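# Overview (structure and organization)
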Amino acid sequence: VEEQRALSVDPGDLQLSVDAYMSHFDERTEEEKRRQANRQVDEDGFELVTYKRKARDLGGDKAPEPEKKKKKELTDFYKFQVRDKRREELASLRKRFDADKNRVAEMKQQRRFKPY
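The model shown is predicted, which means the values in this text are computed figures rather than measured ones.

Moving on to the overall build of the protein chain. Check the secondary structure of the protein chain and you find three helices and two strands. Along the protein chain, helices (α) and strands (β) appear in the sequence α-α-β-β-α when read from the amino end. Within the span of the protein chain, comprising 116 residues, buried residues form 0% of the whole. Here the protein chain has roughly 13000 Å² of accessible surface; of this, 52% comes from carbon and sulfur atoms.

Set out below in structure tokens:
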């Protein structure tokens with residue numbers, strides 16, 4: 001009977017041990033949740049892999065954070081898109097030129113055009 005009692009653990013010590021383990025477990029799960037929250041997923045559902053450099057503490061303020069680069073979007077990927085875009089830009093320039101030319105002609109007729 002005494003051997004059995006020697007093998008059993010005191011309930012108070014057991015409770016302290018369980019509480020310590022649970023607090024450690026809670027810290028680990030909170031850290032994992034933070035990691036999951038910092039995870040970046042693109043619109044296709046793939047996780048973006050990033051590398052975070054740990055800032056060295058040089059006894060001063062924190063190192064300045066690098067500026068975030070803007071995501072570049074390829075608008076003209078194919079050559080026909082580049083040609084179409086250039087053609088549209090030229091057409092809009094011609095329209096504006098014709099509109100300006102008509103306005104100058106109207107101003108000349110009204111004798112309000114004085115370019116110099």
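Quick look at the pattern of salt bridges now. Counted by the stated rule, this structure contains five salt bridges. Residue Glu32 pairs with Arg35 through a salt bridge whose shortest N-O separation is 3.7 Å. Note that Glu32 and Arg35 are positioned in helix α2 (residues 11-38) at a spacing of three residues, about one turn of the helix. Each of Glu31, Glu32 and Arg35 takes part in salt bridges that share partners, so that together they form one network.

Turning our attention to the packing of aromatic side chains. Evaluation of the coordinates by the stated rule reveals three aromatic pairs. Three or more aromatic residues joined by ring pairs make a cluster, and in this case those are Phe77, Tyr78 and Phe80.

Right, let's get into the confidence of the model for the protein chain. Averaged over all residues, the pLDDT of the protein chain equals 83, while 85% of them reach at least 70. Per-element confidence in the protein chain is highest for helix α3 (residues 79-109), whose mean pLDDT is 94, and lowest for strand β1 (residues 40-41), whose mean pLDDT is 76.

Taken together, Val9, Leu14, Val18, Tyr21, Met22 and Phe25 make up a surface patch of nonpolar side chains, about 550 Å² in accessible area. Here Tyr21 lies in helix α2.

Before going further, it helps to examine α3. Compared with an ideal rise of 1.5 Å per residue, which puts 31 residues at 45 Å, α3 spans 45 Å between its outermost C-alpha atoms and is within 8% of the ideal. A positive phi of about 60° marks Arg111, the residue just after α3.

Rules of the game
- Here the residue numbering is sequential within each chain, running from 1 through the sequence in written order.
- Local features are withheld for residues below a pLDDT of 70 in this predicted model, meaning they are given only at 70 or higher, and side-chain atom pairs are given and counted only at 80 or more; totals for whole chains, interfaces and linings count all residues.
- Hydrogen atoms and water are omitted, and side-chain values are computed over all heavy atoms in the structure.
- Numbering of helices and strands runs from the N terminus; a helix is a DSSP stretch of H or I covering at least four residues, while a strand is a stretch of E covering at least two.
- Buried, partly exposed and exposed residues are distinguished by accessible area as a fraction of the type maximum, computed with a 1.4 Å probe on protein chains only: under 20%, between the cut-offs, and over 50%, respectively.
- Residue burial considers only the protein chains on display, and all accessible areas are found by Shrake-Rupley using a 1.4 Å probe.
- A pairing counts as a salt bridge when a side-chain nitrogen of Lys or Arg comes within 4 Å of a carboxyl oxygen of Asp or Glu.
- Any two rings among Phe, Tyr and Trp, with Trp reduced to its six-membered ring, count as a pair given centres within 6.5 Å; such a pair is stacked if its planes are under 30 degrees apart, edge-to-face if over 60, and tilted if neither.
- As a per-residue measure, pLDDT tells how confident the predictor is, with possible values from 0 to 100.
- Only residues whose relative accessible area exceeds 30% and that form no salt bridge are eligible for patches; like-charged ones are grouped when within 9 Å, while nonpolar side chains (Val, Leu, Ile, Met, Phe, Trp, Tyr) are grouped when within 5 Å.
- The span expected for a helix works out to 1.5 Å for each residue beyond the first.

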